[in-house]
Every structure is written in C-alpha cells, then in structure tokens.
Amino acid sequence: MKFIVKLFPEITIKSRPVRRRFIQRLQSNLQILLKRIHPKVTVSGFWDKIEVVVPESASMLEVDAVVETMKMTPGIAHFLEVAEYPLGSFHDVFEKTLPVYRDRIEGKTFKVRVKRTGDHDFTSVDVERYVGGGLLQHAQPLRVDVRKPEVFVDLEIKNEKLFIVEKQHKGLGGYPLGSQEPVLSLISGGFDSVVSSYMTMRRGAKTHFLFFNLGGKAHEVGVKQVALQLWQSLGASARVKFVTVPFEEVVGDILQNVHHSHMGVVLKRQMMRAAERVADEMKIDAIVTGESIAQVSSQTIPNLNVIDRATDKLVVRPLITVDKPEIVELTKRLGCFDIVKMIPEYCGVISDRPTTRAKLSRVLEEESQLDEEVLDRAISQCKVIKIDDIAKNLDIESDIEALSKVSENQVVVDIRAPLEVERKPLNMPGCDVQVIPFYELESKVATLDNSKEYLLYCDKGVMSSLHAQSLQEKGYLNIKVYRPLV
C-alpha cells in the first residue's frame, strides 16, 4: 500500500534550502516512527511530497497504525491513500477508477483531476475527459462541475504507472518536529499546560517538560503519564527529557513570608527563576507556559508583565487568547482528556483577594523576605529522566484509604495552608485535630506518635490523598485520608 504525503503549506513557501531541510526532517521523523510499526516500510522524500510504501506483508492492524501515526505527525497537511497499477489504456484507467468512486459521486457533482509526469502521447485533459465521461454513463452522479465540485476524482500518472487516490486523510499541519529550536514547557498535568506543550510540538519545537512538584509522588506519577501520552502521540521521533523540581518548600517559604495578595505572582516568578536555571543547563532559550489572559488572577496583563521580569528567557504562551472550552476540546482530540481530567491543576497557594495589577516594586519588596537558599535547594534536588524511560519507572499504587468517620485512636491532620484554615476552621468537637501545613508534613511526620493513625484533611481531598500516598511510600503506614461525607 502506498501513501502520498502532502506538505504543510507554509513549508512550500520557504526558501529552497529551508524547504529542503524541512522535507528531510519530516522524512527522517516518519522513518523513525513507521519503522517501529513495520521494519520494511519505506519513506522517500521529493520536492513536493513524501511517499510512504507499506509492504504487502503488513497486517491491517499495522496499516491502521501507520495511518494513525501519520495523522499525528507534525508537518503533514494531508496524505493520500493510493492504489498503484501498471498504466494501461484509457478504458483500463476508467475501469479501475469506477469501483473506487462510484458510491462517492452518486447524486453529487464531481470533477476528474489527473496529475501526469513523464513522456506520453496524450495529455492530462484527455484522460480527464475519458474517465469523466465513463463515470457519467456508468455511475449516477448529478453532473460534472469543473468549478466547485462536491467530489474530486484524483488520479496520478507517473511514467508507466497509474495511481488512484482511494482515500484522503487530514494531517496535523505545523512544522516537522525538530525543525525549530528546543523549548522547555512547564507542565502541571492540567488542560492548559498539556495543550500549550502540544502547540509547540506541532510547531516543530523539540519540547522538554518541566514539572514543579507540589503534591508528592502520586502527583508526579500522574503528570508523567500525561507527558508520556503526549510524547507518544506527537513527539516520539525525538528524545526529550522530563525534569522534576521539588517545590513544596518554596511554596512554604512564600506562604510564610509573602502577603496573601501577592502569593500567586511571586510563586510564578519563583517558577520562572527555577525554569531559567534548568533551561540554562539544557541550553534552551525559551520557556513555554499555558497561561491565558485573565483566566485566573495571576494571568492579567500587568501580572504577566511582572512575572516575565523574573527571567531573561523568552516566555512563549501559545494559549494567551484561547478560551478554556477550546483548550478542553483539544485535549479530547489529542486523546489526553481522560488522563488530564483526573489530575487537578494543583495550586500551591490560594490568595485572599489577589492583586490583578501587581507592581514590580511591591513584588520585589515581598520577595526580599524570601530565603534564597530554599529556591537554590529545590533546583539542586531536581531530577531528570528521559521521556521514554518514564514507562519503566511508573509505579502507581492502589488508592489510599479514605475514611469518613474518626475513631478514638485516630487524629485528623488539617494540612491546608494557614490562610485557608483561618478562613474556614475545621470544627470537629470530640476529635483530636492537629494543624500541620502540607509543606511541613515531610519534616514533622517523624515526630508523630506511631501508635496512632493520622487522617490527612484538605477541602477537596486531592492534596491529602497525594501526600498520604507519598508518606506511605516512605514507610508511614499509619497515614490515611479523612474525607467527610458531604
């Protein structure tokens, strides 16, 4: 079976050297991806197309896998599924075309298009007229329409071979992966960061992933799954890295030392500083985020301006004017929705009446209270893994037990940030309740009484589950979750 790959239109208007480089990159990417499906697939590059030939020995499952892979390969506008025959007489061409297009043109207007290459004693128009006349007589079309037909009957004659287009598949568009400079994408596992990563991958940028861990191993495992799914779908022709930076202590420093109205902006600036240093190590010039104007308080234009001043890197925001429903819909098309919806966009700080017009002078004043060693320590503890090694390292534990009632030997631990506790105290008469902010759990868990069970509590039960799993993995099996009945 043969496929003719048509280039993304923007590639065709590039200069000759750039266009040639893009075609070579796309050809190389397809070779890497498709040979994993069947080792005898051949990929040939030409000036205006790429031809993919799947051997007859390939199974239908392998052919389907080739089609699905090409649909998700950046750089392809569309590709044609074609049948190849020896070139015969005009009537032979018509007989081979009729069964392919009979049902498609029934009751519709159509036009025959023939692309011809080589020395022949006839023209493309001669073939178009003969085949079109035959289809009018032996199929049941509405009529021929040379201007705006409902169906195109596409044929290609190359020297002594005839190619009949049996099906056309829509491609992803964009530029071939690796044709642009690499970027570092801040991925939280939420809809926004996943789609922004997709957009830079589609645009040809080799996209590495940077994750700021605010919720323990379980949160990290979930985000790794999303990144792996995205890479396998779009970027498997390039080797990229997944970087994890432990950020709980940084959040704790902010919660203790920054005014609540500026916590969100300061947190984003700390992330930018960390991202810049990671990007420097990886020799990357751009940082990618999933921010969209006014989606949340930290994403107003004044706040984004202040956030950007924390780094000298280019900050790329592919979603800056995209609406949330469009973003969610894109994750469905990417096949990531079911994973992403299970991972909350974990927020390390919740500001009370957050500023929407942060001033750099005020932000710098707030940041002067932070401990610089905390951020340095977080960056020094970052972990780097090759994206294709994630599957070997994922270790998803069973769900942590969540209790709705508290027994005599159990203690409820409120792990919410102090501001949340102050606004909405956990009122449980007769129960032993301790307040330990989530960013202090790691350091204080060793001081807890091993003879008791501790039930972690937060408003939505997400943060408590993540931290409970992380602590159980470290051997604290007396840690569970308190989730009251609503």
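Residues numbered from 1 in each chain as written. Predicted model: local features only at pLDDT ≥ 70, side-chain atom pairs only at ≥ 80, totals over all residues. Heavy atoms only, no water.

An unreviewed UniProt entry annotates the protein chain as tRNA sulfurtransferase originating from Neptunomonas marina. Listed under Subcellular location (unreviewed entry) in UniProt, the entry text for the protein chain is "Cytoplasm". Taken verbatim from the UniProt record of the protein chain, the Pathway (unreviewed entry) comment is "Cofactor biosynthesis; thiamine diphosphate biosynthesis." (UniProt positions renumbered as here; feature names shortened; annotations may be inferred.)

Colleague: Quick question: what am I supposed to make of the packing of helix α6 (residues 191–202) against helix α11 (residues 324–334) here?
Modeller: In a pair of packed helices, the angle between the axes and the distance between the axes together describe the arrangement. The interhelical angle for the contact between α6 and α11, taken along N-to-C directions, is 65 degrees, at an axis separation of 9 Å. Taken together, α6 and α11 sit at an angle that is classed as roughly perpendicular. Like other packed secondary-structure pairs, α6 and α11 cross with a definite hand, here left-handed. Residue-level contacts link Phe191, Asp192, Val195, Tyr198 and Met199 of α6 to Lys324, Ile327, Val328, Leu330, Thr331 and Leu334 of α11. Classifying every residue of the contact of α6 with α11 by side-chain character gives eight nonpolar, one polar and two charged. (Axes fitted to C-alpha atoms, helices over the stretch in contact; angles between N-to-C directions. Helix = DSSP H or I, 4+ residues; strand = E, 2+ residues; numbered from the N terminus. Parallel < 35°, antiparallel > 145°, perpendicular 65-115°, else oblique. Left-handed = near helix turned anticlockwise from the far one by under 90°. Contact = heavy atoms within 4.5 Å. Nonpolar A, V, L, I, M, F, W, Y, C, P; charged D, E, K, R; others polar.)

Colleague: What is the right way to read the pattern of salt bridges from this model?
Modeller: Two side chains of opposite charge can pair, provided their charged atoms sit close to one another. Here the structure, examined in full by the defined rule, presents 25 salt bridges. Lys324 is the partner of Asp192 in a salt bridge, and the nearest nitrogen-oxygen pair spans 3.0 Å. Note that Asp192 is positioned in helix α6 and Lys324 in helix α11, a separation of 132 residues in sequence. By relative accessible area, which is 30% here, Lys324 ends up partly exposed. A salt bridge links Glu291 to Lys268; the nearest nitrogen and oxygen atoms lie 3.4 Å apart. With Glu291 in the loop between β12 (286–288) and α10 (301–308) and Lys268 in helix α9 (residues 263–281), the pair connects residues that are 23 residues apart, well separated along the chain. You can call Lys268 partly exposed: its relative accessible area is 22%. Taken together, the shared-partner salt bridges connect Lys2, Lys49, Glu51 and Glu156 into one network. (Salt bridge = Lys/Arg side-chain N within 4 Å of Asp/Glu carboxyl O. Buried < 20%, exposed > 50% of the residue type's maximum accessible area, 1.4 Å probe, protein only.)

Colleague: What am I meant to see in the sheet that holds strand β11 (residues 241–246) here?
Modeller: The strands that make up a sheet pair up through hydrogen bonds in the backbone, lying either parallel or antiparallel. The strand order across the open sheet formed by six strands is β13-β12-β9-β10-β11-β14, and the pairing between neighbours is mixed. Among the strands making up the open sheet, the edge pair consists of β13 (314–316) and β14 (383–386). Each strand of the sheet is rotated relative to its neighbour by a mean of 25 degrees, with strand direction disregarded. Packed on one face of the sheet, α9 meets β9 (180–186), β10 (205–213), β11, β12 and β13 and runs near 130 degrees to β10. (Pairing = 2+ DSSP bridges.)

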